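Here are the chains, one letter per residue:
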Amino acid sequence: MRLVIRVLGASLLGAIAIFACASPAGPPKAMTIKGFAFTPATIEVTKGTVVTWKNEDTVPHTVTTGIAPPTFPPLPSGASPTPFPSLSSGDGKVNSGRIEPTQSFSFTFNETGTFNYFCAVHPAMKATLTVR
Ligand SMILES: [Cu+2]
């Protein structure tokens, strides 16, 4: 009886291993947001991959897919940054909302294609992610 349980257990583990290998998703991909930049700026992942961005800056950022709105001219030195430009929600495919400093945002890419994204707070921050 013990042998039967052992054999069944081994078969089950084998089945789980085969199932895991059959999954098309690549390993989770870790991205950083640091120095007002997405790093790496260009990546390619396989369908089903979980991509996580960690904000290592001291200000909030977003991961927002779509076309970045035009950037505003730099403020004169000492000027108040308000009124703040309204945050673009992009094309709606991926919209993290504010990712506070030290916080992370994850998204599972189940659709193939090229995703251009930007930071809605700082639209000059842009990057590209391709899912194949
Ligand atoms: Cu930002």
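Residues numbered from 1 in each chain as written. Predicted model: local features only at pLDDT ≥ 70, side-chain atom pairs only at ≥ 80, totals over all residues.

1. Describing the overall build of the chain
1) Next: When you go through the chain residue by residue, the secondary structure sums to 1 helix and 8 strands.
2) Next: In the chain, the order of α-helices and β-strands from amino to carboxyl end is α-β-β-β-β-β-β-β-β.
3) Next: Across the chain, the fraction of contacts at a sequence separation of at least 24, relative to all contacts at a separation of at least 6, is 64%. (Helix = DSSP H or I, 4+ residues; strand = E, 2+ residues; numbered from the N terminus. Contact = placed C-beta atoms within 7 Å.)

2. A closer look at the sheet that holds strand 2 (residues 38–39)
1) Next: Here we have 4 strands laid out as an open sheet, ordered 2-1-4-6, and mixed in their pairing. Two strands lie at the open edges of the sheet, namely strand 2 and strand 6 (104–109), each paired on one side alone.
2) Next: As judged from the 6 bridges shared by strand 4 (residues 49–55) and strand 6, these two strands associate in the antiparallel manner. Along strand 6, the bridge assignment pairs Thr49 with Phe109. (Pairing = 2+ DSSP bridges.)

3. Focus on the confidence of the model for the chain
1) Next: This prediction gives the chain a mean pLDDT of 83; 72% of its residues lie at or above 70.
2) Next: Low pLDDT (under 50) marks residues 12–18, which in the prediction has 0 contacts with non-local residues, meaning those over four places away or in another chain. (pLDDT = per-residue confidence, 0-100.)

4. Here we look at the sheet that holds strand 5 (residues 64–65)
Each strand in a sheet pairs with another by means of backbone hydrogen bonds, the pair being arranged parallel or else antiparallel.
1) Next: One open sheet accounts for 4 strands, arranged 3-8-7-5; its pairing is mixed. Edge positions in the sheet fall to strand 3 (42–45) and strand 5, since each has one partner strand and no second.
2) Next: Summarising the sheet, strand 5 and strand 7 (residues 113–118) pair through 2 bridges and their orientation is antiparallel. The residue of strand 7 that forms the bridge with Thr65 is Tyr117.

5. Brief notes about the nonpolar core
1) Next: Among the nonpolar cores identified, the biggest contains 17 residues, and Phe38, Trp53, Val63, Tyr117, Phe118 and Leu129 are the most heavily contacted of them.
2) Next: Put simply, the parts of the chain that give this core at least two residues each are strand 1 (29–33), strand 4, strand 6, strand 7 and strand 8 (126–131). (Core = buried A, V, L, I, M, F, W, Y, C linked by C-beta atoms within 7 Å. Buried ≥ 20, exposed ≤ 12 C-beta atoms within 10 Å, placed from the backbone.)

6. Overview of unusual backbone geometry
1) Next: Here the amide bond leading from Thr39 into Pro40 is cis, since omega sits at -5°, within 30 degrees of zero.
2) Next: In this fold, Pro40 is placed in the loop between strand 2 and strand 3.
3) Next: For Thr102, which is not a glycine, the phi torsion comes out positive at approximately 75°.
4) Next: Structurally, Thr102 is set in the loop between strand 5 and strand 6.
5) Next: Thr102 sits in the exposed class, given 10 other C-beta atoms within 10 Å.

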